[in-house]
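# Survey of secondary and tertiary structure
Given next are the chains, with one letter for each unit.
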Amino acid sequence: MRVLNSRQMRDADRRTIEDLGIPSLQLMETAGRQVVAAMEAGFERLPSMRVAVLCGKGNNGGDGFVVARTLFDRKVYARAFLIGQIADVKGDARTNLDRLRTLGADVVEIADARAWAEQRTGILDSDLIVDALVGTGLNAPLTGLLSTVVADVNGSGRPVVAIDVPSGLSADSHEPIGPAIQASLTVTLATPKLPLVLPPAEALAGRLAVADIGIPPEAIAGVDGPWIEMLTTDAMRGLVTPRASAGHKGDYGRVLVVAGSRGKTGAAALSAIAALRSGAGLVTVATPASCLPIIASLGAEYMTEPLDESDDGTVASSAVDRILEINADVLAIGPGLGQSPSARAVAQAVVERARVPIVVDADGLNAFVDEADRLKGRPDAPIVITPHPGEMARLTGLSIEAVQARRLEVAQEFAAAHRVCVVLKGHRTVIASPDGKTYINMTGNPGMATGGTGDVLTGAIAAWIGQLGDVEKATTLAVHLHGLAGDLAAADQGEVGMIAGDVAARLGAAVLVLTGRRQGASSKP
């Protein structure tokens, strides 16, 4: 599902109105009714609740007037409050304000701080507040009366339903630009907006619902500018197809995992198990010879290959040729590999010489610190890198804080410059492809912040590349399923007690949830 900025959303609206002939007033009517439908789904007690609808003078306020009228029609106690003067309301918003008043519903004008002070107690005593103050066009911090209203609403502790975006957020930034509404539920119109899907602003959105208001997919797909998608269950489901009755293990990919060193054998085993749980037909772990017995004991279903090793228990540089001789459709390198000079040399040589898709993680990435220009994707060997923010910081020379503040841009810039697919892990994992498309994953939870979950993701990505062949599609699917498996693990074990092995063990169940063959643990998009 595409994520649009304010200019793109205006363009989609224009295409719908001018090219397809759908009146703007009809779009507003549908928007308001869809918001009410989302409220009915989210609040069982809505019919008996007292609702205050806070409206601005623009189109977001117009949506709010439709909400108030729809609630009024359904015998819900709802009052509309205009933060501003009725004389300033124009266009479609004014049409809907007048329609509401024609029904005999009350529209209270709050033109200044004194009027707000008079109405404040009654508004904040409502059971539910609808935020229709400011929409996606905001480009400067709220001030004056609007900032006072936002502060008072946030301080009331009442549940808030925001229309399109919580008032105070800019649709062009995931950083709050000033005071903003803390919503319990945000009903965004037509498509998600950037501050609703990326931290830190997404924390202000509460639960997210996307309302179809009648803007057709072709109008959304046709707008120019950055292509950012929120990964959805429907889109990911289409990538998983039933296996052929006559299928055999060779049909589902041969994955080679180059991983492990003395004291870090678990990382290799987790990646291999995750690859198998993600459907890989054959998995081989190539690891220093002394590590092989331990890794082999951790999993009966994958194969192992001993490699020459250095005195410190990491892979020796002489092992490169043997690694490249192993028959594989996709290669994953890095988990637990170590950071010795020989391990670094092996990672660099394998990434530069391999002729199959490569997933590079952990110490595989550390091998390119201060030499990131050597990390380049090629047509015959596309590369996926899976850094956490610390690894991304080391690769780019930025601070971790700078990476986190510009997660989207950092991933996009590195992907374009190095022709690699970047999976920048963390809350709302960002996947940036070298062709400019960017994806934001919505599954996962804080319980996944535990050692080994990144190794699980590495194996999962490699396995799906082996099955789908398309690196970009496989990576998005693997990231989504990895987070979904984490949600299943959290439901069973709790976020505190879950471990990486719990995530790996539920990768198969995640596929069942994705394809609708079992109930999931999360209602995320």
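Preceding block: the structure.
Predicted model only: the values in this text are computed from it and were never measured.

Analysis parameters
Residues numbered from 1 in each chain as written. Predicted model: local features only at pLDDT ≥ 70, side-chain atom pairs only at ≥ 80, totals over all residues. Heavy atoms only, no water. Phe/Tyr/Trp six-rings, centres within 6.5 Å; stacked < 30°, edge-to-face > 60°. Lys NZ or Arg CZ within 6 Å of the ring centre and 35° of its normal. Helix = DSSP H or I, 4+ residues; strand = E, 2+ residues; numbered from the N terminus. Expected span 1.5 Å × (residues − 1). Buried < 20%, exposed > 50% of the residue type's maximum accessible area, 1.4 Å probe, protein only. Pairing = 2+ DSSP bridges. Axes fitted to C-alpha atoms, helices over the stretch in contact; angles between N-to-C directions. Contact = heavy atoms within 4.5 Å. Parallel < 35°, antiparallel > 145°, perpendicular 65-115°, else oblique. Left-handed = near helix turned anticlockwise from the far one by under 90°. Polar contact = N/O pair within 3.5 Å; in protein donor to acceptor, adjacent residues only side chain to side chain. Right-handed = clockwise from strand over helix to strand, strands pointing away.

As a further point, take the packing of aromatic side chains. Each aromatic ring pair is described using two quantities: the centre-to-centre distance and the angle formed by the ring planes. On inspection of all chains with the given rule, the structure shows zero aromatic pairs. For the cation-ring pair, Lys437 lies above Trp227, with the distance from its terminal atom to the ring centre recorded as 5.0 Å.

With 16 residues, helix α17 (residues 453-468) ought to run about 22 Å at 1.5 Å a step, and its terminal C-alpha atoms sit 22 Å apart, in line with that. Taking burial as the measure, the 16 residues of α17 include 14 buried ones, the bulk of the element. Within two residues after α17, Gly469 carries a phi angle of roughly 80°, on the positive side.

Side chains of strand β16 (residues 421-424) alternate between two faces, with Cys421 and Val423 and Val422 and Leu424 buried alike. For strand β15 (residues 383-385) and β16, the ladder comprises two bridges, and the chain directions are parallel. The residue bridging Val384 from the neighbouring strand is Cys421, located in β16. As paired strands, β16 and strand β17 (residues 430-432) are joined by three bridges and run antiparallel to one another. Opposite Leu424, over in β17, you have Val430 as the bridge partner. If you look at the hairpin formed by β16 and β17, you'll find five residues sitting between the two strands, and Gly426 has a positive phi there, around 130°.

The next point concerns the sheet that holds strand β18 (residues 438-440). Taken in spatial order, the 11 strands make up an open sheet running β1-β9-β18-β17-β16-β15-β14-β13-β10-β11-β12, and their pairing is mixed. In the strand order of this sheet, the two ends are held by β1 (2-3) and β12 (303-307), each with one partner. For strand β10 (residues 254-258) and strand β11 (residues 282-288), the ladder comprises five bridges, and the chain directions are parallel. Paired with Val257 across the bridge in β11 is Val285.

This part takes up the sheet that holds strand β2 (residues 50-55). With respect to topology, seven strands assemble into an open sheet ordered β4-β3-β2-β5-β6-β7-β8, the strand pairing being parallel. Only two strands of the sheet have a single neighbouring strand rather than two, namely β4 (107-110) and β8 (207-211). Strand after strand, the sheet turns through a mean of 20° between neighbouring axes, direction not considered. Where β2 and strand β5 (residues 128-132) come together, five bridges link them in parallel fashion. Within β5, the residue paired with Leu54 across the bridge is Asp131. Strand contacts of helix α2 (residues 24-42): β2, β5, β6 (160-163), β7 (185-189) and β8, with the helix running at about 150° to β7, the strand carrying the most contacts.

Attention now goes to the packing of α17 against helix α18 (residues 471-493). Remark: α17 packs on α18, axes separated minimally by 8 Å, with the N-to-C direction vectors making an angle of 140°. With respect to α18, the element α17 is oriented oblique. Crossing handedness for the pair α17 and α18: right-handed. Taking contact as the criterion, the partners of Thr453, Val456, Leu457, Ala460, Ile461, Trp464, Ile465 and Leu468 in α17 are, on α18, Val471, Lys473, Ala474, Thr475, Leu477, Ala478, Val479, Leu481 and His482.

Residue placement: Asp361 occurs in the loop between β14 (358-360) and α13 (363-366). Given a relative accessible area of 2%, Asp361 falls into the buried group. A polar side-chain atom of Asp361 sits 2.9 Å from a polar atom in the side chain of Thr458. Beyond its immediate sequence surroundings of up to four residues, Asp361 is in contact with Ile333, Gly334, Pro335, Thr386, Glu391, Lys425, Gly454, Asp455 and Thr458.

This part covers the environment of Ala38. Within the secondary structure, Ala38 sits in helix α2. The spatial distance from the C-alpha of Ala38 to the C-alpha of Gly377 is 44 Å, given a sequence separation of 339 residues. With near-sequence residues (within four places) excluded, Ala38 lies in contact with Leu185 and Val187.

Before going further, it helps to examine the pairing of β4. In the sheet, strand β3 (residues 77-83) pairs with β4 via four bridges, with the strands oriented parallel. The residue bridging Ala80 from the neighbouring strand is Val107, located in β4. Each parallel crossover has a hand, and for β3 linked through helix α4 (residues 91-102) to β4 it is right-handed.

Before going further, it helps to spend a moment on unusual backbone geometry. In this structure, Pro200 follows Pro199 across a cis peptide bond, with omega equal to 5°. Here Pro200 shows up in the loop between β7 and β8. Not every positive phi belongs to a glycine, and Asp164 is a case in point at roughly 75°. Here Asp164 is to be found in the loop between β6 and β7.

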